[in-house]
4 protein chains.
Amino acid sequence: MYSRIKRRAYEIVEPTPEGDRPSHLFDTALITLIGLNLLAIALETIAPLGEQASGAFLVFEIVSVAIFTGEYLVRVWACTEDPDYAHPVKGRLRFAVQPLVLMDLIAILPFYIPLLVTADLRFVRSLRLLRVFRLVKITRYSESVEIIGTVLRSRRNALLSTLFVTFILLFMASVLMYLAERDAQPEGFSSIPAAMWWGMVTLTTVGYGDLAPATPLGRILGAVVALFGIGLFALPAGILGSAFVDELEARRSARRPPACPHCGKPIGDQASSDT
Amino acid sequence: MYSRIKRRAYEIVEPTPEGDRPSHLFDTALITLIGLNLLAIALETIAPLGEQASGAFLVFEIVSVAIFTGEYLVRVWACTEDPDYAHPVKGRLRFAVQPLVLMDLIAILPFYIPLLVTADLRFVRSLRLLRVFRLVKITRYSESVEIIGTVLRSRRNALLSTLFVTFILLFMASVLMYLAERDAQPEGFSSIPAAMWWGMVTLTTVGYGDLAPATPLGRILGAVVALFGIGLFALPAGILGSAFVDELEARRSARRPPACPHCGKPIGDQASSDT
Amino acid sequence: MYSRIKRRAYEIVEPTPEGDRPSHLFDTALITLIGLNLLAIALETIAPLGEQASGAFLVFEIVSVAIFTGEYLVRVWACTEDPDYAHPVKGRLRFAVQPLVLMDLIAILPFYIPLLVTADLRFVRSLRLLRVFRLVKITRYSESVEIIGTVLRSRRNALLSTLFVTFILLFMASVLMYLAERDAQPEGFSSIPAAMWWGMVTLTTVGYGDLAPATPLGRILGAVVALFGIGLFALPAGILGSAFVDELEARRSARRPPACPHCGKPIGDQASSDT
Amino acid sequence: MYSRIKRRAYEIVEPTPEGDRPSHLFDTALITLIGLNLLAIALETIAPLGEQASGAFLVFEIVSVAIFTGEYLVRVWACTEDPDYAHPVKGRLRFAVQPLVLMDLIAILPFYIPLLVTADLRFVRSLRLLRVFRLVKITRYSESVEIIGTVLRSRRNALLSTLFVTFILLFMASVLMYLAERDAQPEGFSSIPAAMWWGMVTLTTVGYGDLAPATPLGRILGAVVALFGIGLFALPAGILGSAFVDELEARRSARRPPACPHCGKPIGDQASSDT
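Residues numbered from 1 in each chain as written. Chains lettered and ligands numbered in written order. Predicted model: local features only at pLDDT ≥ 70, side-chain atom pairs only at ≥ 80, totals over all residues. Heavy atoms only, no water.

### Re the overall build of chain A
Formally: Helix and strand assignments come from DSSP, with helices taken as H or I runs of at least 4 residues and strands as E runs of at least 2, each series counted from the N terminus. We call two residues in contact when some of their heavy atoms are within 4.5 Å. Calculation of accessible area relied on Shrake-Rupley with a 1.4 Å probe; when residues are assessed, cover is drawn exclusively from the protein chains displayed.
When helices and strands are tallied, chain A shows 14 helices and zero strands. Reading chain A from its N terminus to its C terminus gives the helix and strand order α-α-α-α-α-α-α-α-α-α-α-α-α-α. Within chain A, residue pairs in contact and separated by at least 24 positions form 61% of the contacts whose partners lie at least 6 positions apart. Carbon and sulfur atoms make up 68% of the accessible area of chain A, which totals about 13,500 Å².

### Here we look at the packing of aromatic side chains
All names here are of chain C. To keep things clear, this is the line we draw: Aromatic pairing here means that ring centres of Phe, Tyr or Trp (its six-membered ring) are within 6.5 Å. Orientation follows from the plane angle: under 30 degrees is stacked, over 60 is edge-to-face, and everything else is tilted. Summary of the burial criterion: residues with accessible area below 20% of their type's maximum are buried, those above 50% are exposed, and those between are partly exposed, where the area comes from a 1.4 Å probe applied to protein chains only.
Evaluated as defined, the whole model comprises 24 aromatic pairs over all chains. Each ring, one from Phe167 and one from Phe171, has its centre 6.4 Å from the other, and the planes form 45°; the classification is tilted. Remark: Phe171 and Phe167 occur in helix α11 (residues 156-181); sequence separation between them is four residues, near one turn of the helix. For Phe171, a relative accessible area of 2% puts it in the buried group.

### Considering unusual backbone geometry
One non-glycine residue, Thr205 of chain C, lies in positive phi territory at about 55°. In this fold, Thr205 of chain C is placed in the loop between α12 (192-203) and α13 (216-255).

### Side note on the pattern of salt bridges
Residue and element names in this part refer to chain A. Convention followed: Salt bridge, as used here: a side-chain nitrogen of Lys or Arg that lies within 4 Å of a carboxyl oxygen of Asp or Glu.
All chains considered together, the criterion is met by 38 salt bridges over all chains. Among the ionic pairs, Glu146 bridges to Arg251, the shortest N-O distance being 3.3 Å. With Glu146 in helix α10 (residues 142-154) and Arg251 in helix α13 (residues 216-255), the pair connects residues that are 105 residues apart, well separated along the chain. The exposure class assigned to Arg251 is buried, which follows from its relative accessible area of 19%. Linked by salt bridges that have partners in common, Arg7, Arg8, Glu11 and Glu81 make up one network.

### A few points about the nonpolar core
Looking at soluble globular proteins, one finds that nonpolar side chains tend to be buried together. What counts, and what does not: Working definition of a nonpolar core: buried Ala, Val, Leu, Ile, Met, Phe, Trp, Tyr and Cys residues. They are joined through side-chain atoms within 4.5 Å.
By size, the foremost hydrophobic cluster in this structure holds 140 residues, and its most contacted members are Phe171 of chain A, Phe171 of chain B, Phe171 of chain C together with Phe171 of chain D. Look past the residues within four positions of Phe171 of chain C in its chain and what remains in contact with it is Leu38, Ile41, Ala42, Ser126 and Leu129 of chain B together with Met196 of chain C. With 48 residues, the next largest nonpolar core counts Ile147 and Leu235 of chain A, Ala237 of chain C together with Val151 of chain D among its residues.

### Quick look at the packing of helix α4 (residues 54-78) of chain D against helix α6 (residues 99-108) of chain D
Residues and elements named next belong to chain D. Cut-off, in case you're wondering: Interaxial angles span 0 to 180 degrees and are taken between N-to-C directions of axes, which are lines fitted to C-alpha atoms, for helices over the stretch in contact. Crossings are sorted by hand: turned counterclockwise from the far helix by less than a right angle, the near helix makes the crossing left-handed, and turned clockwise it makes it right-handed. As a working rule, the residues Ala, Val, Leu, Ile, Met, Phe, Trp, Tyr, Cys and Pro are called nonpolar, Asp, Glu, Lys and Arg charged, and the rest polar, with Gly in that last group.
One way to put it is that α4 packs onto α6 with a least axis distance of 10 Å and a crossing angle of 145°. When the axes of α4 and α6 are compared, the crossing they make is left-handed. Residue-level contacts link Phe68, Thr69, Tyr72 and Arg75 of α4 to Val101, Asp104, Leu105 and Ile108 of α6. In terms of residue class, the contact of α4 with α6 is made up of five nonpolar, one polar and two charged.

### Brief notes about a nonpolar patch on the surface
Residues and elements named next belong to chain A. Note the threshold: Each patch groups residues whose relative accessible area exceeds 30% and which form no salt bridge, using 9 Å between like charges and 5 Å between nonpolar side chains of Val, Leu, Ile, Met, Phe, Trp and Tyr.
A contiguous nonpolar surface patch, about 400 Å² in accessible area, is contributed by Val165, Leu169, Ile220, Val224 and Phe228. Only α11 (156-181) and α13 provide two or more residues apiece to the nonpolar patch. The element contributing the most residues to the nonpolar patch is α13, with three residues. Mapping Ile220 onto the fold places it in helix α13.

Shown next as structure tokens:
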């Protein structure tokens with residue numbers, strides 16, 4: 001009986017590809033609750049609203065923490081159903097230290113420790129957002145998220161190299177801009193870190209306008225930096241474009257193995273290494 | 001006689017690929033009228049112009065509504081010529097509830113209901129713009145629009161996943177930015193929704209500058225968010241780039257089944273695996 | 001003798017792929033003169049500089065017009081050397097009405113018509129810039145320019161369709177934004193054309209900040225428009241990306257004809273249609 | 001003995017792919033020191049910090065210059081171990097005039113020439129940043145950096161052509177914008193160079209907002225320029241996207257010459273034409 005309840009609890013709280021009605025209902029309810037929590041976190045900070053409805057927000061928060069705590073406990077209790085975490089103690093510990101599970105704990109734990117309540121909990125509470133990732137696994141978006149993840153991982157070095165060259169460009173440009181503009185705008189370009197803020201805002205083409213070169217030399221330099229900013233967009237776009245072409249090609253050829261035009265037998269990377 | 005007139009009306013008001021002179025003339029006149037309506041909607045709101053020429057605008061509006069009403073009635077009347085909507089009542093109803101046809105009705109109906117006239121009709125009137133889509137079908141742009149549509153639909157999940165990850169990033173960044181800047185700029189970063197406005201303006205690299213971080217911590221966070229903004233451009237560009245490569249490839253191979261002109265055997269990936 | 005001089009003049013003024021020393025010298029001198037003209041046009045408008053050195057600018061302008069006039073006359077005179085324009089009258093006329101040659105005339109003619117001199121000639125003068133295009137033909141950049149041109153032409157419909165959808169989005173968003181913001185910012189969002197200016201600045205992610213939504217509703221709408229702005233970048237990037245892949249593929253396969261895996265004979269689009 | 005010390009010194013200061021523990025330690029220490037130097041250059045310019053801790057910054061600078069000088073001397077002394085620079089005098093000279101090695105000298109030399117010390121050395125000092133490039137060679141990022149470099153070089157002409165067309169667009173647009181806005185905003189659009197600054201800020205979609213068109217004509221022109229700005233992003237993204245596809249394709253086919261694992265015959269484009 002106990003084991004059947006645990007099995008059932010596991011099936012409901014853990015996202016499984018098949019899933020039955022209660023399991024789906026649970027997922028939908030959880031996503032809704034997470035959404036309402038985010039909304040509450042955001043709305044609470046709007047001065048008049050936060051003060052007038054502080055009681056309602058507090059009640060909602062207590063109810064939410066109670067539900068999330070219950071869900072957390074059920075998951076840790078039922079996780080032994082998963083062969084990977086079968087051991088009652090070690091399995092549960094290994095389950096609990098997974099990043100996303102740990103986040104779930106961090107997002108609720110502070111409410112039970114009075115000393116910490118004085119700190120600003122908004123960011124910690126917003127970690128509840130990450131719960132959504134767990135539920136993504138069962139949706140029809142999971143393949144897309146996975147492809148995007150694979151593509152980003154496969155081009156990590158190229159993207160980091162772009163970032164690295166960007167940083168060198170940024171530093172050089174900021175030093176030069178500081179030298180060019182500090183006399184004309186001692187307030188704005190007051191230091192190299194301030195010029196680096198200008199540099200980031202320009203390279204990413206955000207361009208707030210809180211800081212902009214005003215001298216002819218500074219503007220020529222600024223125009224060059226803005227042009228490099230285009231490269232900063234074009235390079236990752238090109239890198240990721242070719243990566244998506246590659247990844248989709250790989251997935252397709254994994255599905256249907258190509259054949260040799262001479263003997264007609266199937267060929268493939270795996271095949272070559274098997275022989 | 002009656003059926004010949006209806007047939008003729010159908011040929012004229014419905015965009016058909018072949019089309020004869022009157023049909024083309026009708027299309028051109030309709031596009032011109034839609035264009036003039038948009039112009040009138042826009043110009044009417046310019047204060048001095050709208051007041052001085054209010055009579056002319058009213059007359060033009062009445063004439064336009066009359067023409068659009070006539071065209072709408074003719075289309076609903078003649079639609080039974082299309083085998084898909086042949087039934088005099090059910091066919092016409094099914095024709096009338098198509099989104100774009102319904103839009104046509106919504107764009108003119110309010111002018112016949114006195115109670116609604118007091119409401120602001122500008123947005124409703126600007127729905128006339130959507131009429132253009134119907135006419136696009138016969139232009140030489142139709143294939144391009146169709147390819148773009150197919151590509152966007154085929155990558156819908158990947159694009160929505162990107163949007164979803166963006167939203168998570170946005171929320172996290174906004175909470176952190178609110179915590180970092182609210183003391184330095186209590187007016188600007190007054191709440192998390194306000195910080196989310198900043199976040200959207202930065203992630204999309206629009207950068208109005210109405211809100212910008214001013215503290216060192218806020219600027220470092222802002223620089224990171226702006227860098228993620230580049231990814232927000234590069235990911236869809238890469239996704240769509242590979243999708244266009246795919247789609248054009250698919251269309252090409254669908255058009256000419258590759259075969260060797262000398263020995264007649266098929267060539268290509270599929271061919272190899274058939275042998 | 002006369003015909004030999006004309007032949008020589010033709011070789012020097014017209015960009016020919018081979019080109020000898022005098023021809024190259026002429027090209028370099030012309031590009032330098034065009035560059036100096038642009039510089040003069042720009043510098044002349046800087047208030048103190050333009051007034052102090054007005055004499056020098058005038059002399060330089062007269063000398064430039066004289067040289068460009070001479071070059072224009074020599075080209076029209078010598079163009080009969082080209083078999084396409086061999087006829088002394090009709091050939092020269094057909095040569096003179098080519099867009100770029102006509103531009104050359106427009107850029108110098110006004111200086112000979114006293115009545116027109118009172119008009120602002122800066123834009124007309126800056127047409128001299130277009131002369132550069134003629135010289136591009138002989139440089140090593142010509143292939144790149146040609147590929148870019150071919151790619152843009154091959155995707156013209158897709159790019160125009162994107163522009164068309166953008167315009168529809170822009171109009172709809174501007175009407176909605178006008179309705180959302182006109183009460184809060186009657187100065188800024190004073191009319192639909194004003195809101196369309198905001199819309200263009202946002203969709204292209206330029207974001208000057210001279211106009212930005214301030215109401216919650218307006219900001220939500222603005223965030224959606226800014227997100228569509230990302231699509232406005234990603235779509236053309238994807239379209240052009242696939243077009244470059246196509247074009248380079250086509251150029252490569254034009255160079256080495258592919259062969260049939262069955263009979264070994266070369267295959268190709270041309271081959272198929274020849275049989 | 002002497003030659004063994006030199007050999008050892010060479011192995012340590014020069015980045016070699018294998019590398020032993022001392023060599024790795026040296027690399028890490030050098031990167032850390034370069035990072036601290038950059039941090040010092042930036043922090044020193046923050047007014048209160050730079051004044052209060054001027055002594056500490058001076059000491060750190062002297063120590064850094066001493067270390068960089070020592071490292072420079074050891075490298076020039078030990079470089080003869082490399083067969084390419086084996087000659088004691090000519091080899092060392094050829095080694096010393098390599099751009100990155102020369103930069104290292106320029107970044108430290110001024111500190112030994114009292115006359116130059118009065119000049120602003122910040123930019124010269126920040127050249128130390130370039131030392132990082134040498135160390136990149138041994139990291140796992142080197143392949144990515146190399147691919148990016150190859151891709152940029154292979155499409156140099158196409159990118160420069162884009163830049164060239166951009167410049168022509170920029171000049172034309174700036175002249176027109178100057179003519180359209182100079183009466184409405186004589187302060188902002190005071191000259192063509194000022195309008196060119198606006199043009200660059202708009203074409204790159206940075207959009208500071210320090211200069212923005214205010215007249216209807218100017219705004220229409222500005223909208224067109226902003227749309228061209230999208231092309232300025234899409235073209236390089238497309239060019240680089242196809243270049244990455246090409247380059248990765250080339251590297252893959254160079255690595256594994258495709259052969260059928262069953263019959264041993266080569267497969268691939270080349271293979272087909274060989275048969």
